[in-house]
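Observations on the model geometry
Listed here are the chains, written in short residue letters.
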Amino acid sequence: MSHALRPPAEPADADPTATAADSKLSPKAKAALSEGKKAERRLGLLLCAPAILIMAAVAGWPIIYSVWLSLQRYDLKFPDRTEFVGLENYVTVLSNPYWWNAMWVTVLITVVSVAVELVLGMALALIMHRTLVGRGIVRTSTLIPYGIVTVVAAFSWRYAWTPGTGYLAETVAGGDPVLTEKIPSIMVVTLAEIWKTTPFMALLLMAGLALVPDDLLKAAAMDGATAWQRFTKVMVPVMKPAILVALLFRTLDAFRIFDNLFVLTAGSQGTSSVSMLTYNNLIKGLNLGIGSTMSVLIFIAVAIIAFVFVKLFGTAAPGGDGGGRR
Amino acid sequence: MAEIVLDNVTKQYPDGAVAVRDVDIEIADGEFIILVGPSGCGKSTTLNMIAGLEDITAGELRIGGERVNERAPKDRDIAMVFQSYALYPHMTVKENMAFPLRLAKVDDTTVEKKVRDAAEILDLTQHLDRKPSNLSGGQRQRVAMGRAIVRSPKAFLMDEPLSNLDAKLRVQMRTSVSRLQKQLGTTTVYVTHDQTEAMTLGDRVVVMRGGAVQQIGAPQFLYDNPANLFVAGFIGSPAMNFVPASLENGVLRSALGDVPLTDRVRSLLEGAEAPREVIMGLRPEHFEDARLVDDTVRSNGVTFTNQVDVLESMGSDKFAYFSLSGEQATSAELAELAADAGSADVPGGGVSLVARISATSSAVEGEPADIWFDADKVQLFDPGNGRNLTYRG
Ligand SMILES: Nc1ncnc2c1ncn2[C@@H]1O[C@H](COP(=O)(O)OP(=O)(O)OP(=O)(O)O)[C@@H](O)[C@H]1O
Ligand SMILES: [Mg+2]
């Protein structure tokens, strides 16, 4: 009955996603997909369709257009010289020391800030999870930095580090203009990032902590684990998915750092991030070709980061098969 | 292995609630002791105090003669099995069972051997490389037991370890827990709110109510000689029947008729300062279809006639349910038992009675039947404080 109703071409290419997911099963199982399952899958695709269309319009098209622009010499200051140059822009960018400097600055800020945020965020999450008195106040006060607009917060950091008027410049730096040197500037920017987004990290980790049943920690205590062993051997592995989500969010976010840098150093003394450099070329320099090339490179870097994390997820879920362990 | 002594132990939670009050229990080396009582009576709290998971507010806890109040759980050398099993989801069965040994820095070959042995005993050998999430409830329960037995601790603590299993598996596991405990001879404290588990498993049973110990004793002793109404009503299934009665000139006047006091009851009552109004307790098995009782025996008891509301045939015998006219027995203990059993709101309308009678009885549902009961088996309780007036301590 169901076979009679189905157009002959359908089974082979009905649903590419299903084929990938089911490829582990025998071909027979695939053929045995019931009519109900098919209807369900069709409904699923139908429900996703509006979101996919909107994404294609607001994200897909700009990406494709950027890629197209990145393959051309296209500088609005010299509009007559526009021409298709293939990968020449990529060669230019990837062989440029400014680009690599910006890349290292970005990676440095990302790695240091995310690592510090993870540790601090975990500590905060544990405190928020454990506090019995004044829970509301503790949580609210922890979240304040995250609630302040980044640019506003960045300005207050800038004033704080300005010699003569800033309290941090006077007390910590002894009156030195820290924001005029490369390494100190990067440290200040990283610090501002950490201050700003640790609460977000803590919030995500706290959701993960709620996943760890109390009984599990009690059982570990009975089994002879110290507080530290309970944390490392039970708590962290069980909440690993939440940790990975938090890390993914923050890494992607940190890699695109712009606002803090823009306000604090504006990219001077070689403190530009890749986003900053792209902005300077694209918007200030009006060089659409080079700017688009940089955008595409950032996009590729972000995609790689996301891919690596998603790969890690697959085997991280507790109770999962643990990467072919069985 | 060691004996465990709770000496006047009290627990008050930070919010002021007193969960356990002045508990005195002496648990002998190798003994299997059951803590039983209705929900919220402080069983888990008591167990957690022994484990070290909860601080002791007052009193002393001694394990093997040493005061351990201040010791961390890991330094008490006690293993615990949780109701939720609390298996580590990211570890395989083998790693779960090896965890306590690894923490104790036992060398690899010994770990391997001990885990194998425990898996053998618990029939888990073919599941060693699986994750807990892929196991059935019964298998998870056994892994939890395995994790407890691998390191041969001084004592086992179990908090309702079987209550997440279905009825049939529970009965099976009950026997294997009992066998395992005998085999290992390790002191075991077992918490349950199921009186059947309490009766069948332990060497001794501790009945708790509202944070206080009501009675401690061997299961059969508690059944035959409950210290008060609460223990009488809690131990036994179906529960003991309670009928209000008044003591007049050596006779008990009740809805079941006048019950003469036998010599045994009379002598037990003598020192007890019994009030006039009492509650008469009768176990269901002390009733019988009057037609099946010899005349000689019959004169030792009382026969009454009442309509049978419901008759349940269990094969080996029958349960007959009656409702008598007259006032229901009332006391704080009985109200609490009813609340725990969830029958507090069931419209009563007089006294309800369960009799366990012979399977050969010809009683018919909905028709009157002559029922006899043994007057020598009555237990009398003081409705004011619940004390058993006929207690033979
Ligand atoms: N952390 C806590 N803070 C305050 N009160 C508590 C806490 N834990 C338990 N209690 C109270 O202590 C009393 C005893 O609790 P406990 O968990 O020992 O009961 P239980 O006998 O194990 O009951 P159940 O059969 O339902 O498990 C209860 O009245 C409970 O409300
Ligand atoms: Mg409990």
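All names here are of chain B. Every residue near ligand 1 is listed here: Tyr13, Asp15, Ala19, Ser39, Gly40, Cys41, Gly42, Lys43, Ser44, Thr45, Glu160 and His193. Cys41 has a polar backbone atom sitting 3.2 Å from an oxygen atom of ligand 1. Relative to its unbound accessible surface of 640 Å², ligand 1 loses 61% to contact with the protein. A per-element tally of the shell around ligand 1 places helix 1 (residues 43-51) first, with 3 residues. Class assignment of the residues belonging to the shell around ligand 1 gives a composition of 3 nonpolar, 6 polar and 3 charged.

The next subject is empty space enclosed by the protein. Residues and elements named next belong to chain A. Scanning the model with the defined rule gives 2 cavities of 30 Å³ or more in all. What the second largest cavity holds in volume is close to 30 Å³. In terms of lining, the second largest cavity is formed by His129, Arg130, Leu209, Val212, Asp214, Leu217 and Met235. Listed by contribution, the elements that provide at least two residues to the lining of the second largest cavity are helix 7 (97-130) and helix 12 (214-222). Looking at the lining of the second largest cavity, its residues break down into 4 nonpolar, 1 polar and 2 charged.

Taken as a whole, this structure holds 28 salt bridges over all chains when the rule is applied. In this structure, the salt-bridge partner of A:Arg256 is A:Asp253, at a minimum N-O distance of 2.9 Å. Close ionic contact of B:Glu248 with B:Arg276 constitutes a salt bridge, the shortest N to O distance being 3.7 Å. You can see B:Glu248 sitting in strand 11 (residues 241-248) and its partner B:Arg276 sitting in the loop between helix 9 (263-270) and strand 14 (277-282), a full 28 residues away along the chain. Looking at B:Glu248, the relative accessible area reads 22%, which means it is partly exposed. Because the salt bridges share partners, they merge into one network encompassing A:Glu117, A:Glu193, A:Arg250, A:Asp253 and A:Arg256.

Rules of the game
- Residues numbered from 1 in each chain as written.
- Chains lettered and ligands numbered in written order.
- Predicted model: local features only at pLDDT ≥ 70, side-chain atom pairs only at ≥ 80, totals over all residues.
- Heavy atoms only, no water.
- Near = heavy atom within 4 Å.
- Polar contact = N/O pair within 3.5 Å; in protein donor to acceptor, adjacent residues only side chain to side chain.
- Areas by Shrake-Rupley, 256 points an atom, 1.4 Å probe, with all protein chains shown as cover.
- Helix = DSSP H or I, 4+ residues; strand = E, 2+ residues; numbered from the N terminus.
- Nonpolar A, V, L, I, M, F, W, Y, C, P; charged D, E, K, R; others polar.
- 1 Å grid on protein atoms, 1.4 Å probe; cavity = no way out; pocket = protein on both sides within 12 Å on 5 of 7 lines; lining within 4 Å.
- Points joined across faces, edges and corners; volume = space filled by probe spheres on them.
- Salt bridge = Lys/Arg side-chain N within 4 Å of Asp/Glu carboxyl O.
- Buried < 20%, exposed > 50% of the residue type's maximum accessible area, 1.4 Å probe, protein only.

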